[in-house]
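Structure at a glance
Letter by letter, the chains look like this.
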Amino acid sequence: MAEEAPLIGIIMGSQSDWDTMRHAAETLDTLEVPHETRIVSAHRTPDRLYDYAKSAAERGLRAIIAGAGGAAHLPGMAAAMTRVPVLGVPVESKALSGMDSLLSIVQMPAGIPVGTLAIGKAGAVNAALLAAAILAGTDAALAGRLDAWRREQTDKVAERPQ
Ligand code: RP5
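Residues numbered from 1 in each chain as written. Predicted model: local features only at pLDDT ≥ 70, side-chain atom pairs only at ≥ 80, totals over all residues.

1. Points about the pairing of strand E3 (residues 63–69)
Along E3, 7 of the 7 residues are buried, which leaves the element largely enclosed by surrounding structure. Of the two faces of E3, the one holding Ala63, Ile65, Gly67 and Gly69 and the one holding Ile64, Ala66 and Ala68 are both buried throughout. Strand direction decides the pairing type here: strand E1 (residues 8–12) and E3, joined by 5 bridges, are parallel. Of the residues in E3, the one forming a bridge with Ile8 is Ala63. With helix H3 (residues 74–80) bridging E3 and its parallel neighbour strand E4 (residues 86–91), the resulting β-α-β unit is right-handed. (Buried ≥ 20, exposed ≤ 12 C-beta atoms within 10 Å, placed from the backbone. Helix = DSSP H or I, 4+ residues; strand = E, 2+ residues; numbered from the N terminus. Pairing = 2+ DSSP bridges. Right-handed = clockwise from strand over helix to strand, strands pointing away.)

2. Side note on the site of the ligand
Gly13, Ser14, Ser16, Asp17, Ser41, His43, Ala68, Gly69, Gly70 and Val91 make up every residue found near the ligand. Across the shell around the ligand, the residue classes break down as 2 nonpolar, 7 polar and 1 charged. (Near = placed C-beta within 6 Å. Nonpolar A, V, L, I, M, F, W, Y, C, P; charged D, E, K, R; others polar.)

3. Details of the UniProt feature "domain: PurE" (unreviewed entry) in the protein chain
The sites that UniProt annotates as "domain: PurE" (unreviewed entry) are residues 6–157. A helix fraction of 47% and a strand fraction of 16% characterise residues 6–157, whose end C-alpha atoms lie 33 Å from each other. (UniProt positions renumbered as here; feature names shortened; annotations may be inferred.)

4. Quick notes on the UniProt feature "binding site: substrate" (unreviewed entry) in the protein chain
Sites flagged by UniProt as "binding site: substrate" (unreviewed entry) map to Ser14, Asp17 and Arg44. For this annotated set, covering 31 residues, all C-alpha atoms fall within 14.3 Å of each other, a compact arrangement in space. Along the polypeptide, Ser14 turns up in the loop between E1 and helix H1 (18–30). Ser14 sits in the partly exposed class, given 18 other C-beta atoms within 10 Å.

5. Regarding the pairing of E4
Along any regular strand the residues' side chains alternate between the sheet's two faces. Counting buried residues along E4, 6 of its 6 residues qualify, which places the element largely inside the surrounding structure. Bridge analysis of E3 against E4 gives 6 bridges, and the strand direction is parallel. Residue Gly69 lies in a different strand from E4, and its bridge partner there is Val91. Looking at chain direction, E4 and strand E5 (residues 115–116) are connected through 2 bridges and run parallel. Bridge pairing in E5 links Leu87 to Gly115. Crossover E4 to E5 through helix H4 (residues 99–106) is right-handed.

This is the structure we're talking about:
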């Protein structure tokens, strides 16, 4: 989907976050939502974060999915610099299993919201589904693909345990 202008930006604090955040990218691939992926660290590449967040709206991004672990400032800092909705994914950290990431992302003071998802893969998948649902409000074809994705999930649930 490289040829289409991205509607969703997936950013992460480190290469080490990709194993989690690739699930967001794969879910958007499945739903045929144009997106881009970037490593943008609040701590190590603050200028890159500034440029990314400041240009997000004018570049046409409709949501940013931001994953980070530990002292996870990335989603909140991105949200502080753009009105584009930011969905935060707490990456599971080695030291505290992602509780640090979760609390860093979820406890935003009133005024700058970050929509916070679950820790790890579930959060990455759900961030993508939520971003797709936001876009589906004004995109009937995407709404159809999202409904089909949900139907398929429902159909996979057996009535009785095997
Ligand atoms: C955070 O620090 C990143 O989001 C990552 O989850 C964590 C560890 O980063 P690395 O030391 O693996 O680069 O900024």
